[in-house]
Structures are given as C-alpha cells and as structure tokens.
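Here is how the chains run, residue by residue.
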Protein chains: 2
Amino acid sequence: MTTATYTVKGMTCGHCVSSVKEEVGEVAGVTSVEVDLASGLLTVGGDGPIDPAKIVAAVEEAGYEVVNPS
Amino acid sequence: MTTATYTVKGMTCGHCVSSVKEEVGEVAGVTSVEVDLASGLLTVGGDGPIDPAKIVAAVEEAGYEVVNPS
C-alpha cells in the first residue's frame, strides 16, 4: 500500500471534487482517492507505486491543476 | 413565448451551471434556459406562462437558491 499527496488548484465545489475523484480513480493502480475541497489536498492510495505524471494528467483532464507536482 | 429572469446564489463553476440548467430544463413548459455564472442570472423561456415556484424549486433541487424570487 502506497499513499501520495498532491495539492489541486481551482476546485470550487463538490462537483469539482467529484470530477477529480472520477478521473484520478481511473488511473491504473489507484485503489483510493480522497479530496479535501477547502485545502485542495488530494490523497491517492495504491497497491504499488503510481507514476505521479499520470495523476497530474488525470487532474488536468478533470480541468484542474496540480500545484508544485513532485 | 415568455421569458422570466431569476438570480441564483451559490453557483461557483461550470458544473453548477450545468446542474441548474438540467433541473430547470425539466420543468414543464420550459423551452430554453440560459445561465450566467458570474452574475448568477438565470433566464427561462417558455411557450406560455411558467409557475415561478416551479423554477425556484428546480433551482433548489440542483442545490442552489433563488435570491428574492418574484
């Protein structure tokens, strides 16, 4: 089990949170996605390592931006 | 053709606009729905008179509020 956190910019409401959860949840290897709207904190869990670039791309696909992606 | 305008409070993004359009568009007699996110202005068109209470209820169903409903 691995966990990685990201900060997402631009989410304004629950619909935005749902969009991010949906896109990130579709990334291969992702087993859990948590999003905190107020802080923009995105926590991604998986059974093994997940390419951060794929998470960043999924967030962008949803229409938002990862701040300072690692 | 009739047109009525309302001001909707609480919409923050395009998803919110879509939710309002969807719910208001389902009200009997409504033929067009326009929403301006920045101002909150909701413009509802129909072939005949539409009960304002039904529009207010549809906006609430979407999760938002009509300011000073007429």
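In this text the structure is predicted, and so the values were computed from the model without any measurement.

> Any chance you could explain the overall build of chain A here in plain terms?
When its secondary structure is counted, chain A shows two helices and four strands. Written out in order from the N terminus, the α and β elements of chain A read β-α-β-β-α-β. Whereas a compact globule of 70 residues would reach a radius of gyration of roughly 11 Å, chain A reaches 11 Å, a difference of no more than 12%. C-alpha extents for chain A along the principal axes are approximately 30 × 20 × 20 Å.

> What am I meant to see in the sheet that holds strand β2 (residues 30-36) of chain B here?
The strands making up a sheet associate through hydrogen bonds between their backbones, and the pairing can be parallel or antiparallel. Residue and element names in this part refer to chain B. The strand order across the open sheet built from four strands is β2-β3-β1-β4, with neighbouring strands paired in antiparallel fashion. Either end of the sheet is taken by a strand with one partner, and the two such strands are β2 and β4 (65-67). Recorded for the sheet is a direction-independent mean angle of 35° between the axes of neighbouring strands. Sheet topology note: the β2/strand β3 (residues 41-46) ladder contains six bridges and is antiparallel. Across the sheet, the residue bridging to Ser32 is Gly45, located in β3.

> What is the right way to look at the interface of chain B and chain A in this model?
By a widespread convention, an interface's size corresponds to the accessible area lost as its parts come together. At the junction of the two partners, chain B supplies six residues and chain A supplies six residues. For the pair chain B and chain A, the summed buried area comes to about 410 Å², and 57% of that belongs to carbon and sulfur atoms. On the chain B side of the interface with chain A, the three residues burying the most area are B:Thr12, B:Cys13 and B:His15, jointly 78% of the side's total. Counting the contacts that link chain B with chain A gives zero salt bridges. Counting across the interface, chain B meets chain A through four residue pairs in polar contact (both at pLDDT 80 or more).

> Would you explain the nonpolar core in this entry?
One recurring pattern in soluble globular proteins is that nonpolar side chains are buried together. Core analysis: the largest hydrophobic core is formed by 44 residues, its most contacted members being A:Val24, A:Leu42, A:Ile55, B:Val24, B:Leu42 and B:Ile55. The contact partners of B:Val24, leaving out residues within four places of it in the chain, are B:Val30, B:Val33, B:Leu42, B:Val44, B:Ile55, B:Ala58 and B:Val59.

> Is there a simple way to explain the relation of the copies chain B and chain A in this structure?
The two copies are related by a screw motion: chain B maps onto chain A through a turn of 180° and a shift of 0.1 Å along the axis, at an RMSD of 0.0 Å. Within this description, the copies of the chain are treated as partners about a two-fold rotation axis. Looking at the interface residues of chain B, 100% of them are also at the interface in chain A, so both copies use one shared face.

> What am I meant to see in the environment of A:Val67 here?
Residues and elements named next belong to chain A. On the secondary structure map, Val67 appears in strand β4 (residues 65-67). Residue Val67 is classed as partly exposed on the basis of its relative accessible area, which comes to 33%. For the pair Val67 and Lys9, spaced 58 residues apart in the sequence, the C-alpha separation amounts to 6.3 Å.

> So what exactly am I meant to see when it comes to the side chain of B:Ser19 here?
Positionally, B:Ser19 belongs in helix α1 (residues 14-25). With a relative accessible area of 16%, B:Ser19 lands in the buried category.

> I would appreciate a short explanation of helix α2 (residues 52-62) of chain B in the present structure.
Given 3.6 residues per turn, any residue in an α-helix points the same way as the ones three and four places further on. All names here are of chain B. Within the sequence span of α2, burial applies to Ile55, Val56, Ala58, Val59 and Ala62. The arc enclosing the buried residues of α2, seen along the axis, measures out at 160°, which places them on a common side. In the core, the buried residues of α2 are packed alongside β1 (2-9), α1, β2, β3 and β4. In the stretch just after α2, Gly63 is the one whose phi turns positive, near 105°.

Conventions and cut-offs
Residues numbered from 1 in each chain as written. Chains lettered and ligands numbered in written order. Predicted model: local features only at pLDDT ≥ 70, side-chain atom pairs only at ≥ 80, totals over all residues. Heavy atoms only, no water. Helix = DSSP H or I, 4+ residues; strand = E, 2+ residues; numbered from the N terminus. Rg over C-alpha atoms; globule rule 2.2 N^0.38 Å. Pairing = 2+ DSSP bridges. Axes fitted to C-alpha atoms, helices over the stretch in contact; angles between N-to-C directions. Contact = heavy atoms within 4.5 Å. Buried area = accessible area lost by both parts, 1.4 Å probe. Salt bridge = Lys/Arg side-chain N within 4 Å of Asp/Glu carboxyl O. Polar contact = N/O pair within 3.5 Å; in protein donor to acceptor, adjacent residues only side chain to side chain. Core = buried A, V, L, I, M, F, W, Y, C linked by side-chain atoms within 4.5 Å. Buried < 20%, exposed > 50% of the residue type's maximum accessible area, 1.4 Å probe, protein only. Least-squares fit on C-alpha atoms with pLDDT ≥ 70 in both. Arc of directions from axis to C-beta.

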